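Chains, contacts and geometry: an overview
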Amino acid sequence: MRKFASIILFLVIVSNSFGQSKNSPLQISHLTGDFYVYKTFNEYKGVKISANAMYVVTKEGVVLFDAPWDKTQFQPLLNSIEAKHNKKVVMVFATHSHEDRAGGLDFYRKKGIKTYSGKLTDEILKANNEGRAEFIIPDDATFTVGQYNFEVYYPGKGHAPDNIVVWFGKEKILYGGCFIKSIEAKDLGNLGDADVKEWQKSIKKVQSKFKNPKFVIPGHDGGTTNESVVHTLKLIQDYNLSNDTSSKSGQK
């Protein structure tokens, strides 16, 4: 009887996690190989918006890049991953200090999962009295977990002063977080902590350093096309041009 109940519980977890509809609060989709993109949702200025994040399944466990934006999905994400892959999350990286990236650091750290962020991210979280990562990443660091190697890189200011990106060189996968805008994006979104002039310099560094990605995961909206990098640069250039023009007009 207990064995039967366990089987039923497992099927319920799998059904809840992977029998997903477009209205599911947690949506997981296969990217390529051992790589998966997941979406969670929250409200921004009264509008429901998706946030993208990624994980990779390695021989040593699952590596998670950014926490769910929706805090109610912190544990369901762990459950879903374990049910699907029979592996636990062993590392979590936050790509900047905003809630849609670093909001789960304290939760996952208390679970005994290794958590990582850049130095600038840690300073911001500390100043705001928010949950911080256990480990601090240098501006350019390489990690090997199981069969995968990846680079974590700070290109400079952009969407946020502390945004970092992740590069899987062999697989040509660039995880951009909110530093990269989806090809669907019509504008640069939340600019509350942005430095758009520096963003232009920073994204050109990423283009030069990580050439010809096959997949690019943006922070929001849909799509994983490499065209999103060029699209982001164009949005930045258009914004800067518009602001420069307005500034010159105001001086006349």
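For the structure, check the block above.
The structure reproduced in this document is the subject of the present report. These figures come from a predicted structure and were not determined experimentally.

**Overview of the packing of aromatic side chains**
This structure, assessed with the given rule, holds 21 aromatic pairs. Their ring planes at 55° and their centres at 5.8 Å tell us that Phe74 and Tyr108 sit as a pair that is tilted. In this pair, Phe74 is assigned in helix 2 (residues 74-85) and Tyr108 in helix 4 (residues 105-110), connecting sequence segments 34 residues apart. Considered together, Phe74 and Tyr108 belong to a single accessibility category, that of buried residues. Relative to Phe143, the ring of Phe93 lies with its centre 5.1 Å away and its plane at 85°, an arrangement referred to as edge-to-face. Of this pair, Phe93 sits in strand 5 (residues 89-93) while Phe143 sits in strand 8 (residues 140-145), placing them 50 residues apart in sequence. On the accessibility criterion, Phe93 (1% relative accessible area) is buried. Looking at Phe143, the relative accessible area reads 16%, which means it is buried.

**What about helix 5 (residues 119-127)?**
Of all the positions in helix 5, only Thr121, Asp122 and Leu125 are classed as buried. The arc enclosing the buried residues of helix 5, seen along the axis, measures out at 100°, which places them on a common side. Exposed and oriented more than 90 degrees from the buried face of helix 5 are Lys119 and Ala127. Those residues of helix 5 that are buried are in contact with helix 3 (99-102), helix 4, strand 6 (114-118) and strand 7 (135-137).

**So, the pairing of strand 1 (residues 26-32)**
Across a regular strand the side chains alternate sides, sitting on one face of the sheet and then on the other. Taken together, the six bridges between strand 1 and strand 2 (residues 35-44) define a ladder with antiparallel strand orientation. Among the inter-strand pairings, Ile28 is bridged to a residue of strand 2, identified as Tyr38. Hairpin connection, strand 1 to strand 2: the antiparallel pair is bridged by two residues, and Gly33 has positive phi, about 55°.

**Notes on the side chain of His220**
In this structure, His220 sits in the loop between strand 12 (215-218) and helix 7 (227-251). Exposure remark for His220: the relative accessible area of 17% places this residue in the buried category. Only 3.1 Å separates the side chain of His220 from the side chain of Asp100, close enough to count as a polar contact. His220 has contacts with Ile49, Ser50, Ala51, Asn52, Trp69, Asp100, Arg101, Cys178 and Ser182, leaving out every residue within four places of it along the chain.

**Overview of the sheet that holds strand 5**
Pairing in this open sheet of seven strands is mixed, and the strands run 1-2-3-4-5-6-7 from one edge to the other. Only two strands of the sheet have a single partner each, and these edge strands are strand 1 and strand 7. Each strand axis lies, on average, 25° off the axis of its neighbour in the sheet, ignoring direction. Its contacts with the sheet place helix 2 against strand 1, strand 2, strand 3 (47-58), strand 4 (61-65) and strand 5, and it is angled at close to 45° to strand 1. Packing of helix 5 onto the sheet brings it into contact with strand 6 and strand 7, and relative to strand 6 it is tilted by some 100°.

**Quick notes on the nonpolar core**
Core analysis: the biggest nonpolar cluster contains 42 residues, and Phe65, Phe93, Phe150 and Phe168 have the highest contact counts within it. Of all the elements, strand 3 adds the most residues to this core, at five residues. Phe168 has contacts with Phe35, Met54, Val56, Phe65, Tyr148, Asn149, Phe150 and Ile173, leaving out every residue within four places of it along the chain. Formed by 18 residues, the second largest nonpolar core is a distinct cluster that contains Phe179, Ile180, Leu233 and Leu235.

**Considerations on the pattern of salt bridges**
Applying the stated criterion across every chain, the model contains nine salt bridges. The salt bridge involving Arg101 is made with Asp66; its shortest N-O contact spans 3.1 Å. Here Arg101, found in helix 3, pairs with Asp66, found in the loop between strand 4 and helix 2; they are 35 residues apart in sequence, far enough to count as distant. You can call Arg101 buried: its relative accessible area is 1%. Residue Asp66 is classed as buried on the basis of its relative accessible area, which comes to 0%. Residue Lys110 is joined to Asp106 by a salt bridge in which the shortest nitrogen-to-oxygen separation is 3.0 Å. Pair noted here: Lys110 and Asp106 are both in helix 4, with a separation of four residues, about one helical turn. Asp106 gets classed as partly exposed once you look at its relative accessible area, which sits at 33%.

Parameters and conventions
Residues numbered from 1 in each chain as written. Predicted model: local features only at pLDDT ≥ 70, side-chain atom pairs only at ≥ 80, totals over all residues. Heavy atoms only, no water. Phe/Tyr/Trp six-rings, centres within 6.5 Å; stacked < 30°, edge-to-face > 60°. Helix = DSSP H or I, 4+ residues; strand = E, 2+ residues; numbered from the N terminus. Buried < 20%, exposed > 50% of the residue type's maximum accessible area, 1.4 Å probe, protein only. Arc of directions from axis to C-beta. Contact = heavy atoms within 4.5 Å. Pairing = 2+ DSSP bridges. Polar contact = N/O pair within 3.5 Å; in protein donor to acceptor, adjacent residues only side chain to side chain. Axes fitted to C-alpha atoms, helices over the stretch in contact; angles between N-to-C directions. Core = buried A, V, L, I, M, F, W, Y, C linked by side-chain atoms within 4.5 Å. Salt bridge = Lys/Arg side-chain N within 4 Å of Asp/Glu carboxyl O.

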